[in-house]
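Below, each chain spelled out in residue letters.
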Amino acid sequence: MSSREKIGAGTLSVWAGEEQRPGGRATQVPVVHSVSFGYDDLEQWLEVAQGRRPGHIYGRNTNPTVQVFEEKVRRLEGAEAATSAATGMAVISSTLFALLSPGDRVVSVKDTYGGTSKLFLEFLPRFRVETTLCDTTDHAAIEARIAEGCRLLYLESPTNPTVKVIDLARLADAARARGAVVVVDNTFATPVNQNPLQLGADLVLHSATKFLGGHADALGGVVCGRRDLVEKIYHFREINGATLHPMAAYLLLRGMKTLQLRIDRQNRSALEIARFLSDHPAVGRVHYPGLPSHPGHDIACRQMRGFGGVLSFELKHNTLAAAGRLVSRLRYAHRAANLGAVETIVGPPATTSHVECSAEERAAMGIPEGLIRYSTGIEDPQDLIADLAQALAAAG
Ligand SMILES: *Cc1c(COP(=O)(O)O)cnc(C)c1O
C-alpha cells in the first residue's frame, strides 16, 4: 500500500511539513492563535469552506500550526492523510466512534492502553458495539476471532507495561481477508522504529504526548492512514471538538525536531539497561523485546528497526513495597505516570497505567505487583546504569 519515502526519519523529523511555512519568512513555524480566518472575497470564502480551495475557516476545524504537525507525522508514517486531536485518547475515541456503528464487533487484545480498554469495556457496549479482547500474544486465537467476522481489528505493539510484541503483518492479513479495518497504536514504537502502514494496517495512531513530543510538556494525539477513513475521523473530531491546541502543536513540533536523535539514543540505552538488569542477582524477569529471551524478540526483529525506550522488570523480592523502595532511591528518574520523555521516568503499573485495576485484576493480566516500568530518557546510559546499581545494592 503506502511506502515510506527514501528520505531518512532524521531529515523528515526536521523538515517534513515545513515546506510551505505559514509565517512568511520566519524560519520557525509560528503559533497561530487566531480562532478565525477572514476573507474579503465571499466567493473565495465559500470555496475554502467547501474544501475546494486550501485554507482555514475556524480553529476548531483546522489551524496552520496544527496542520504542519499533522503533515510531519503523516510523512514519517508514509501515510495518505493525517488528522490530530487534543490528546491520544481523543484521537482513539474519535477513531472508534467515527468508524463503528451499533451491531459492529471489534477484535482487540487484553494489553491495550488502560483508557482504550475502558472504551471497549465501558463505553462502546452502550452503543451496542462489542469488543472481544484476546490474549495479546496468542496469534492463532486472535485469527480465530477475526475469522468469526469483525468490523475493526485494534492492536498495540509493543504493549504497556510488559512490552509484549504482536505480529502486525500476520494479523493485518487475517483482518483484511475479512474486510475489517486495521488500527494500530504505535505510541511505544514511534515511526522511527516501526511503520504499521507498511505492515498492512489501514490506520496508525499515536499519543503524541509521549515520544513524539518527548518533553512531557504538551498533550496531543494524531492518526494517519487511508484518506477515506481519516476524513471520517476528522469530521467526527471537528464536531466533538477535541481539537489540538496550536500552542501544543508548536511544542510537539519543536520536540519532534529531535525525534530521531532521541529514539536512537533511547533504543541503545534501553537495550544496555535491559542487559545490565538481566545479569543482576537481585532482579527477576526483565521485559524488553531487544533481549533474545523475550518471547516476541523474533517478531520484533522482523517488524521494528529499534526496540524502543520502554522496558519493565521485577525484583526477585517481587512486592510493591520492595519496588517502591527501589524506585524512591533512584536519582535520575521522575516517579510519575508518564513515559517517552527526555528524562527517565519510572513507576509501578500498580500506581500508573493500571491504577484503576484491583491487585487481582492486575495478576489476571499478568502484571505482578512489584513490576517496575522504566522509560529510558536521554541521559548518559552509564549514569542510568550506575544509578540503578546503587539503588539495587541498597535494596538487596
Ligand atoms: C498515553 C497513551 C495513550 C493515551 O494518550 P493521552 O495523550 O494520555 O491521551 C494511548 N496509548 C498509549 C500506548 C499510551 O501510552
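Conventions we followed
- Residues take numbers from 1 onward in each chain, read along the sequence in its written order.
- A pLDDT threshold of at least 70 governs which residues receive local features in this predicted model, and a stricter bar of 80 or more applies before side-chain atom pairs are shown or counted, although totals over entire chains, interfaces and linings include all residues.
- Each side-chain value is derived from all of the structure's non-hydrogen atoms; neither hydrogens nor water enter the calculation.
- We count a stretch as a helix when DSSP gives it H or I for four or more residues in a row; a strand needs E for two or more, and each element gets its number in order from the N terminus.
- Partly exposed describes any residue whose relative accessible area lies between the buried limit of under 20% and the exposed limit of over 50%, with all areas from a 1.4 Å probe on protein chains only and scaled to the type maximum.
- By definition in these notes, contact holds between two residues if any of their heavy atoms fall within 4.5 Å.
- Using the Shrake-Rupley algorithm and a 1.4 Å probe, accessible areas are obtained, with residue cover drawn only from the displayed protein chains.
- In this tally, Lys and Arg are treated as positive and Asp and Glu as negative; His is ignored, and so are the chain termini.
- In plain terms, the charge of a residue is placed at NZ if it is Lys, CZ if Arg, CG if Asp and CD if Glu.
- Think of it this way: one heavy atom of a residue within 4 Å of a molecule or strand is enough to make that residue near it.
- Contacts described as polar in this section are N or O atom pairs within 3.5 Å, which, within protein, must combine one atom able to donate a hydrogen with one able to accept it, while residues neighboring in sequence count only if both atoms come from side chains.
- Here the term charged refers only to Asp, Glu, Lys and Arg, the term nonpolar to Ala, Val, Leu, Ile, Met, Phe, Trp, Tyr, Cys and Pro, and the term polar to all other amino acids, Gly among them.
- Strands were regarded as paired on the criterion that DSSP finds at least two bridges between them.
- The axes are straight lines fitted to the C-alpha atoms, using for helices just the contacting stretch, and the angles between their N-to-C directions are given from 0 to 180°.
- In this analysis, the protein atoms alone were mapped onto a 1 Å grid. Cavities are point sets where a 1.4 Å probe fits without being able to get out; pockets are open sets with protein on both sides within 12 Å along at least five of seven lines; lining residues have an atom within 4 Å of a point.
- Grid points are joined across faces, edges and corners, and a volume is the space filled by probe spheres set on the points.
- Each angle gets one of four labels, with under 35 degrees taken as roughly parallel, over 145 as roughly antiparallel, 65 to 115 as roughly perpendicular, and the rest as oblique.
- With the far helix as reference, a near helix turned anticlockwise by less than a right angle produces a left-handed crossing, and one turned clockwise produces a right-handed crossing.

Asker: Help me understand the overall build of the protein chain in this model?
Answerer: Counting its secondary structure elements, the protein chain contains 15 helices and 12 strands. For the protein chain, the C-alpha atoms occupy an extent of roughly 75 × 50 × 35 Å along the three principal directions. Out of the 396 residues belonging to the protein chain, those deemed buried represent 54%. The long-range fraction of contacts in the protein chain, counting pairs at least 24 apart against all pairs at least 6 apart in sequence, stands at 73%. When the accessible surface of the protein chain is split by element, carbon and sulfur atoms take 52% of a total near 16,700 Å². When the 42 basic and 42 acidic side-chain charges of the protein chain are each reduced to a single mean position, those positions are 1 Å apart.

Asker: Explain the site of the ligand to me, please; I cannot follow it from the model alone.
Answerer: The ligand sits among 13 residues. The nearest are Gly88, Met89, Asp185, Thr209 and Lys210. Separating an oxygen atom of the ligand from a side-chain N or O atom of Lys210 is a distance of 2.7 Å. Within the complex, the protein chains bury 92% of what would otherwise be the 380 Å² of accessible surface of the ligand. Sorting elements by how many residues they give to the shell around the ligand places helix H4 (residues 88–99) first, with three residues. Here the residues of the shell around the ligand are counted per class, giving four nonpolar, six polar and three charged.

Asker: Looking at this structure, how should I read the sheet that holds strand S8 (residues 283–287)?
Answerer: Think of a sheet as strands paired side by side through backbone hydrogen bonds, with each pair either parallel or antiparallel. One open sheet accounts for five strands, arranged S8-S9-S12-S11-S10; its pairing is mixed. Only two strands of the sheet have a single partner each, and these edge strands are S8 and strand S10 (334–335). Of the pairings in the sheet, the one linking strand S9 (residues 310–315) to strand S12 (residues 372–375) comprises four bridges and is antiparallel in character. What sits directly across from Val310, in S12, is Ser375. Sheet strands touched by helix H13 (residues 320–329): S9, S10, strand S11 (345–347) and S12. Its angle to S9, the strand with the most contacts, is close to 125°.

Asker: Can you walk me through the layout of surface pockets in this structure?
Answerer: Rolled over the atoms, a probe with the dimensions of a water molecule shows which regions are left empty. The space that makes up the largest pocket amounts to roughly 1,000 Å³. Along the walls of the largest pocket sit 33 residues, with Gly55, His56, Thr62, Gln67 and Glu70 positioned nearest its centre. The set of elements that each furnish at least two residues to the lining of the largest pocket consists of helix H2 (42–49), helix H3 (64–77), strand S1 (81–85) and helix H9 (227–240). The element best represented in the lining of the largest pocket is H3, accounting for seven residues. Partitioning the lining of the largest pocket into residue classes produces 12 nonpolar, 11 polar and 10 charged. In this model, the second largest pocket occupies a volume close to 480 Å³. Around the second largest pocket, the lining comprises 24 residues; the ones closest to its centre are Tyr113, Gly114, Gly115, Ser353 and His354.

Asker: What is the right way to read the packing of helix H11 (residues 259–278) against helix H15 (residues 381–395) from this model?
Answerer: Describing two packed helices takes the angle between their axes plus the distance from one axis to the other. Here H11 crosses H15 at 30°, and the two axes come no closer than 10 Å. For the element pair H11 / H15, the angle class is roughly parallel. Considering how the two elements wind past one another, H11 and H15 form a crossing that is right-handed. Seen from H11, the contacting residues are Arg265, Ser269, Glu272, Ile273, Phe276 and Leu277; seen from H15, they are Pro381, Leu384, Ile385, Leu388, Ala389 and Leu392. Residues belonging to the contact of H11 with H15 are distributed by class as follows: nine nonpolar, one polar and two charged.

Asker: Any chance you could explain the packing of H4 against helix H5 (residues 114–123) here in plain terms?
Answerer: Their axes nearest at 10 Å, the elements H4 and H5 cross at an angle of 35°. Where H4 crosses over H5, the two elements pack in a sense that is right-handed. Along the contact surface, H4 presents Met89, Ile92, Ser93, Leu96 and Phe97, while H5 presents Gly115, Thr116, Leu119, Phe120 and Phe123. The class makeup of the residues in the contact of H4 with H5 is seven nonpolar, three polar and no charged.

Nothing here speaks to function; it is geometry throughout.
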